[in-house]
Amino acid sequence: MNAKKQLAPVTAFIDGRQLPASGQGFVFTPSGVEGLVFDIDESSLEVVAAAVESAHEAFVVRRQASLIDRMELLDLLEGTLAEEASELADLISCDVGKPIRIARGEVVRGQQFVRACRDAVSQLGGEVVPVDAARGGVGRFGYTRRFPFGVVAAITPFNAPINLLLQKMAPALAAGNTVVAKPAPPATRVALHLARALTANGLAPGVFNVLTGDRAAAVGLASHPRASVVSFTGGVTAGENLLRYTGVRKFVSELGSNAANIVLADADIGEAAAKIAAAAFEASGQQCISAQRIIVERPVYDAFLERFLAAARTLNVGAVDDEATDIGPMVSSQAADRVQSLCEDAVAAGARYLLPFQRKQRTVHPVILADLPAHARLWSEEVFGPVAIVVAADDADHALRLANDSIFGLQGAVFTRDLKAAFRFSEEFDVGSLWINEASRFRLDMYPFGGMKQSGVGREGVKYAIEELTQLKFTGINWR
């Protein structure tokens, strides 16, 4: 067996400096590059408190920052991302196992998102409230403005280390807050690299601090009373746990999904199959809105299956450093084990493979299952892997019932040429966002993104995220 290369310990970055290793933590093995290993410090409660207090002090200094000051801060962030793009993409690919082409695209999207936040904050305003609509308001003037909360705790997942960090960080800074991030372990080196680069480029100490560790550090951060907002992306169980520690403070969350993609009989079947295959399997299906449940009207079921199988077979499974790779390794062996367990449960329950389960170490090839009974775990749980279930529906009503048969409601998709059907599903499909003739993994950052049911509370997406991370204040003036 080849000896693994031990990298430097990964420790918290607070107040513009890297902390020394405490020796309290765990070993992490990157997914994308064989033979590497490093220790990740578990930030203690004392370290968590230091990070939050540092961010609070930085907020006190800059709480009156003008909009132009905030815009210039976002310029700094965007410029740093551009300078560090290659290194950030390499870290994403190494630590998470994301194919390098897709990792580079993630960094570019992050730059675009920061620029959009910069543009949006220039329009951040309030409104005049017509207080004289009440007799007691005559002779008085009322208006609202948005103010920052203070310290935003950003607890982020592994699957998009730079994008999902920036989805919280950029709007928080645009709103005038400071940020303490606690990334998932595989996403930690990406966040730390960005923090160091920003500091080298002139970011004031404390504006962006990064904690390291796993659950204990996340709970410690959510528990700290000076963390005025907790913004979390992750699983339902973890979200419910963090919410208990957040208490009455604001909690914004994007949680689980098992996204339904509906193909009606009048749809362009070839287009639907190609788009849904990419949405189900690229990046190993490790996206919250990856296509999981494919619901197809019975008259086109066989034709769709033929094209869907063909589209899935065109995707390249390979090494993360190969530009042609669409599907690389999953983030960990444990993640691959869970996908395998869910597939085995489905087959035991009566499902059959159309594309069989194949695995080599952490890499799982695309899997397609049919005839899945509703009591199988794959119908109700989030697989978070390259697995798609194809189900026949008798008609549009049946398809809608199947799609809504879920505790989740993040983002869905419907393929149809019928405008009436599109509006009908917009009204009755219980998801926070819906795409017609795009698959469920299609996302643009300017629209409000968030869930219904157990898929979360609050919305992300440029101005909507900025508004979530500000508090509205009313001022009334008796001018007579």
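See the structure printed just above.
Residues numbered from 1 in each chain as written. Predicted model: local features only at pLDDT ≥ 70, side-chain atom pairs only at ≥ 80, totals over all residues. Heavy atoms only, no water.

Peer 1: Please clarify how the overall build of the chain should be interpreted in this entry.
Peer 2: Scanning the chain from N- to C-terminus turns up 15 helices and 25 strands. Computed over C-alpha atoms, the radius of gyration of the chain comes to 23 Å, within 12% of the 23 Å expected from 2.2 N^0.38 for 480 residues, which places it in the range of a compact globule. Taken along its principal axes, the extent of the C-alpha atoms in the chain is 70 × 70 × 35 Å. Burial analysis of the chain (480 residues in total) assigns 57% to the buried set. (Helix = DSSP H or I, 4+ residues; strand = E, 2+ residues; numbered from the N terminus. Rg over C-alpha atoms; globule rule 2.2 N^0.38 Å. Buried < 20%, exposed > 50% of the residue type's maximum accessible area, 1.4 Å probe, protein only.)

Peer 1: Is there a simple way to think about the pairing of strand β12 (residues 250–254) in this case?
Peer 2: Look at any regular strand and the pattern is simple: side chains alternate between the two faces of the sheet. Most of β12 sits out of view: four of its five residues are buried. With five bridges joining them, strand β11 (residues 227–233) and β12 adopt parallel strand pairing. Bridge assignment links Val-230 to a residue of β12, and that residue is Phe-251. In this fold, β11 hands off to helix α8 (residues 236–246), which returns the chain to β12; that crossover is right-handed. (Pairing = 2+ DSSP bridges. Right-handed = clockwise from strand over helix to strand, strands pointing away.)

Peer 1: Looking at this structure, I do not really get the pattern of salt bridges. What am I missing?
Peer 2: Any two side chains of opposite charge can pair, given that their charged atoms come close. Overall, the coordinates contain 23 salt bridges when judged by the stated rule. With its nearest N and O atoms 2.7 Å apart, the salt bridge here joins Glu-106 to Lys-98. Exposure remark for Glu-106: the relative accessible area of 6% places this residue in the buried category. In this structure, Lys-250 and Glu-468 form a salt bridge, with 3.0 Å as the shortest nitrogen-oxygen distance. (Salt bridge = Lys/Arg side-chain N within 4 Å of Asp/Glu carboxyl O.)

Peer 1: Help me out: how do you make sense of the environment of Glu-53 in this one?
Peer 2: Summarising the element assignment, Glu-53 is placed in helix α1 (residues 45–62). Look at Glu-53 and you get partly exposed, because its relative accessible area is 28%. When the C-alpha positions of Glu-53 and Val-151 are compared, they lie 9.0 Å apart, and in sequence the two are 98 residues distant. Once residues lying within four places of it in the same chain are set aside, the contact partners of Glu-53 are His-224 and Arg-226. (Contact = heavy atoms within 4.5 Å.)

Peer 1: Just checking my understanding: could you explain the packing of helix α3 (residues 85–96) against helix α4 (residues 100–121) for this structure?
Peer 2: The angle between the axes and the distance between the axes are what describe a pair of packed helices. Across the interface, α3 lies against α4 with an axial gap of 8 Å and an inter-helix angle of 130°. Considered as vectors, α3 and α4 are oriented oblique to each other. For the pair α3 and α4, the sense of crossing is right-handed. Facing α3, whose interface residues are Ala-85, Leu-88, Ala-89, Asp-90, Ile-92 and Ser-93, α4 presents Ile-100, Ala-103, Arg-104, Glu-106, Val-107 and Gln-111. Of the residues that constitute the contact of α3 with α4, the class distribution is seven nonpolar, two polar and three charged. (Axes fitted to C-alpha atoms, helices over the stretch in contact; angles between N-to-C directions. Parallel < 35°, antiparallel > 145°, perpendicular 65-115°, else oblique. Left-handed = near helix turned anticlockwise from the far one by under 90°. Nonpolar A, V, L, I, M, F, W, Y, C, P; charged D, E, K, R; others polar.)

Peer 1: What is the right way to look at the sheet that holds strand β7 (residues 140–148) in this model?
Peer 2: Backbone hydrogen bonds hold the strands of a sheet together, and the pairing may be parallel or antiparallel. Across the sheet, which stays open at both edges, the three strands sit in the order β6-β7-β25 with antiparallel pairing between neighbours. Since the sheet does not close on itself, it has two edges, and those belong to β6 (128–129) and β25 (470–478), each with one partner. Relative to β25, β7 is paired through nine bridges, and the arrangement is antiparallel. Within the sheet, the bridge partner assigned to Thr-144 lies in β25 and is Phe-474.

Peer 1: I keep staring at the packing of aromatic side chains and nothing clicks. Help me out?
Peer 2: Centre-to-centre distance and the angle between the planes together describe a pair of aromatic rings. According to the stated counting rule, one finds seven aromatic pairs in the structure shown. With 4.8 Å between their ring centres and 85° between their planes, Trp-435 and Phe-442 make a pair best called edge-to-face. The exposure class assigned to Trp-435 is partly exposed, which follows from its relative accessible area of 22%. Ring pairs connect the aromatic residues Phe-281, Phe-304 and Phe-308, which therefore count as one cluster. When the ring centre of Trp-379 is taken as origin, the NZ or CZ atom of Arg-293, which lies over that ring, is 4.7 Å away. Taking NZ or CZ as reference, Lys-473 lies 4.5 Å from the ring centre of Phe-147, over its face. (Phe/Tyr/Trp six-rings, centres within 6.5 Å; stacked < 30°, edge-to-face > 60°. Lys NZ or Arg CZ within 6 Å of the ring centre and 35° of its normal.)

Peer 1: What is the right way to look at the side chain of Ser-440 in this model?
Peer 2: Within the element layout of this structure, Ser-440 appears in the loop between β22 (433–436) and β23 (452–453). A relative accessible area of 0% places Ser-440 in the buried class. At 2.8 Å, the side chain of Ser-440 forms a polar contact with the backbone oxygen of Ile-289. In this structure Ser-440 touches Ala-259, Asn-261, Ile-289, Ser-290, Ala-291, Gln-411, Gly-412 and Ala-413, once residues within four positions along its chain are discounted. (Polar contact = N/O pair within 3.5 Å; in protein donor to acceptor, adjacent residues only side chain to side chain.)

Peer 1: Even after reading the chapter, I still don't get the sheet that holds strand β13 (residues 260–263), so can you show me in this structure?
Peer 2: Ordered in space as β15-β18-β19-β14-β13-β21-β22, the seven strands form an open sheet in which the pairing is mixed. Unpaired on one side and paired on the other, β15 (352–355) and β22 mark the two borders of the sheet. On average, each strand axis in the sheet is inclined to that of its neighbour by 25°, with strand direction left out of account. Sheet topology places β13 next to strand β14 (residues 293–297); four bridges connect them, and they run parallel. When the bridges of β14 are listed, Val-263 appears paired with Val-296. In the packing of helix α9 (residues 269–281) onto the sheet, contacts are made with β13, β14, β18 (367–370), β19 (387–393) and β21 (411–415), and the angle to β13 comes to roughly 170°.

Peer 1: Would you take a moment to explain the environment of Ala-273 for this structure?
Peer 2: Along the chain, Ala-273 turns up in helix α9. The spacing of Ala-273 and Leu-309 is 36 residues in sequence and 8.3 Å in space, taken between C-alpha atoms. Setting aside residues up to four positions removed in sequence, Ala-273 forms contacts with Phe-304, Arg-307, Phe-308 and Ala-311.

Peer 1: Please explain the environment of Ser-406 as it appears in this structure.
Peer 2: When you line up the elements, Ser-406 lands in the loop between α13 (396–404) and β20 (408–409). Looking at Ser-406, the relative accessible area reads 13%, which means it is buried. Among the polar contacts made by the side chain of Ser-406, one reaches the side chain of Asn-258 at a distance of 2.9 Å.

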